[in-house]
Structures are given as C-alpha cells and as structure tokens.
Amino acid sequence: MSGKPRLTYLNGRGRMEPVRWLLAAAGVEFEESFLETKEQYEKLIKDGVLMFQQVPLVEIDGMKMVQTRAILSYIAGKYNLYGKDLKERALIDMYVEGITDLMEMILMFPFSPPEAKEKNLDSIKDRAINRYFPVFEKVLKQHGQDFLVGNKFSWADVQLIEAILAVEEKIPAVLSGFPQLQAFKIKMSNMPTIKKFLQPGSRRKPPPDERYVETVLKIFKK
C-alpha cells in the first residue's frame, strides 16, 4: 500500500475540495477513489468504513478519517499549518469557521431550484462583500503582514484563497473594493504549491455542473 493519503469522494468539489486544497498547499501528493454509484457508497457503509455513514473519507497514517473539520484539523497540525500556540490556533479556527460558512452557501448553490438561483447568488454576494471579506481585509491591513495569522502561512490562508477564487467564479468583480485581498490573492496564487494546484491537470476540481449534481443526488438520495 502506498504511503500517500487516499481520498474517497465524488469526482467533484463538494466537501472534499478544502481537503484537496490543504494537502496540495502542504505539498503532499494524494490518491483518489471516486464514488460513481449508490452501491459503492452503500458498500463503504456496510463494510463499516464510514464512522457516521458519510463521506468525505480520508485514509491517512493508518486512520480512516471522516468529518471534514476533523480531517482538515489533522492535516493542518501534521504539516505545520495550524499556528505556533493555542491562541494562534483559536484565531485560525475562527477564520476557518467564518470562511466555511460562506463556502457552505457556494456548496449548496448548484442544488438551488432554477427560480431561486438569482436570489441565492445575491445572498452569496451580499455575505461576501458585507460580512466575510471585510473581516479579512481589515486583518491584513491592521497587521500589514502577508499571512492572516502569526505572519506564517497557515490553514486559514489556504481556506481564504480557495473561497476568494470560488466567489470570483460567480461574481468576478467581488474584490473590487478590497485592495488587501487583491494583493493577498496574487501572493497566494504565486506560492509554488498553490500555483501548481491552480495549473490545468492538477487534482483541483472544476465548478460543479449538471452531471455532478445528478451524480450527488443519485448516490445520496434516500
């Protein structure tokens, strides 16, 4: 068996994409298994592999890890992306949780009924511009450093660049009023490991399309 982490999920972003981002940012190669049928998913449950009968599943260091937050915390700690002390970890946790709230809206957007799409897009724009991005603009401006916490690259930076790019896919001018975040985006996108992940042919998944939505509904429908 390979020593690389193995990720089991669908062939799309979903709740696994932050895990792919974090591993890639840490320079860690990983393997993937894609669920394509309800039977594959049910077999994992029957075999007792999924603690709470849910994916994502990440096999790493002899563990079969579930729950996205737990997986991300472990990877961040293992690869020194989780601050130098308890206070820095608390800050990283707060930033990550805020970004996750915004990303949850983006995660659910493809599943919106057609008549709700415009309203939901307006909600994403409003939350990004008025609630979440101003926080990070202020943090970066106040301490004048390249990274969000402790002037060192961390999990929070990875989550933020992922979120910025995901929101920009839907609202291209979203950063127009945020000069600090514009600079942050350029800096992060040019970090070698992230730059590599942003290249075509990487493990990064494209925005969800109709086929992905259909596959999700087919596999997880009760």
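If you look the chain up in an unreviewed UniProt entry, it shows as glutathione transferase from Athene cunicularia. Recorded under Sequence similarities (unreviewed entry), the UniProt text for the chain is reproduced unchanged: "Belongs to the GST superfamily. Alpha family."

This paragraph deals with the UniProt feature "domain: GST C-terminal" (unreviewed entry) in the chain. In this structure's numbering, the residues bearing the UniProt feature "domain: GST C-terminal" (unreviewed entry) are residues 85-208. Helix makes up 67% of residues 85-208 and strand 0%, whereas the separation of the span's terminal C-alpha atoms amounts to 37 Å.

Moving on to the domain arrangement of the chain. According to the domain assignment, the chain contains domain 1 (6-79 + 198-211) and domain 2 (86-191). Computed over C-alpha atoms, the centres of domain 1 and domain 2 are 22 Å apart. On the domain 2 side, the residues contacting the 16 residues of domain 1 number 15 residues. For the pairing of domain 1 and domain 2, the buried interface totals around 1300 Å² over both sides, and the portion due to carbon and sulfur atoms is 63%. For domain 1, the biggest contributors to the area lost against domain 2 are Arg-15, Trp-21 and Arg-69; these three give 40% of the whole. Run the count over domain 1 and domain 2 and you get five salt bridges. Measuring nitrogen to oxygen at the nearest pair gives 2.4 Å for the salt bridge that ties Asp-93 to Arg-69. Remark: the boundary between domain 1 and domain 2 carries four residue pairs in polar contact (both at pLDDT 80 or more). Sorting elements by how many residues they give to the side of domain 1 that touches domain 2 places helix H1 (residues 17-25) first, with five residues. Looking at the side of domain 1 that touches domain 2 residue by residue, the classes come out as nine nonpolar, two polar and five charged.

Cross-referencing UniProt, the feature "domain: GST N-terminal" (unreviewed entry) maps to residues 3-83 in the present numbering. Annotation note: span residues 3-83, helix share 36%, strand share 20%, distance between end C-alpha atoms 26 Å.

Think of a pair of aromatic rings as described by two things: how far the centres are apart, and how the planes are tilted against each other in angle. Inspection of the entire model under this criterion finds six aromatic pairs. Judged by centre distance (6.1 Å) and plane angle (85°), the rings of Phe-133 and Phe-178 are edge-to-face. One end of the pair, Phe-133, is in helix H5 (residues 117-143); the other, Phe-178, is in the loop between helix H6 (155-170) and helix H7 (179-189), and 45 residues separate them in sequence. When sorted by exposure, Phe-133 lands in the same class as Phe-178, which is buried. A cation over a ring is seen here: Lys-117 above Phe-109, with NZ or CZ 4.9 Å from the ring centre.

With that out of the way, let us pick up the packing of H1 against helix H3 (residues 68-78). Where H1 meets H3, the axes come as close as 10 Å, and the angle between the chain directions of the two elements is 5°. Of the possible angle classes, the one that applies to H1 and H3 is roughly parallel. Within the contact between the two elements, H1 uses Pro-18, Val-19, Leu-22 and Leu-23 and H3 uses Thr-68, Ile-71, Leu-72, Ile-75 and Ala-76. Of the residues in the contact of H1 with H3, the class split is eight nonpolar, one polar and no charged.

Reading guide: rules and limits
Residues numbered from 1 in each chain as written. Predicted model: local features only at pLDDT ≥ 70, side-chain atom pairs only at ≥ 80, totals over all residues. Heavy atoms only, no water. UniProt positions renumbered as here; feature names shortened; annotations may be inferred. Helix = DSSP H or I, 4+ residues; strand = E, 2+ residues; numbered from the N terminus. Domains from an automatic or database assignment. Contact = heavy atoms within 4.5 Å. Buried area = accessible area lost by both parts, 1.4 Å probe. Salt bridge = Lys/Arg side-chain N within 4 Å of Asp/Glu carboxyl O. Polar contact = N/O pair within 3.5 Å; in protein donor to acceptor, adjacent residues only side chain to side chain. Nonpolar A, V, L, I, M, F, W, Y, C, P; charged D, E, K, R; others polar. Phe/Tyr/Trp six-rings, centres within 6.5 Å; stacked < 30°, edge-to-face > 60°. Buried < 20%, exposed > 50% of the residue type's maximum accessible area, 1.4 Å probe, protein only. Lys NZ or Arg CZ within 6 Å of the ring centre and 35° of its normal. Axes fitted to C-alpha atoms, helices over the stretch in contact; angles between N-to-C directions. Parallel < 35°, antiparallel > 145°, perpendicular 65-115°, else oblique.

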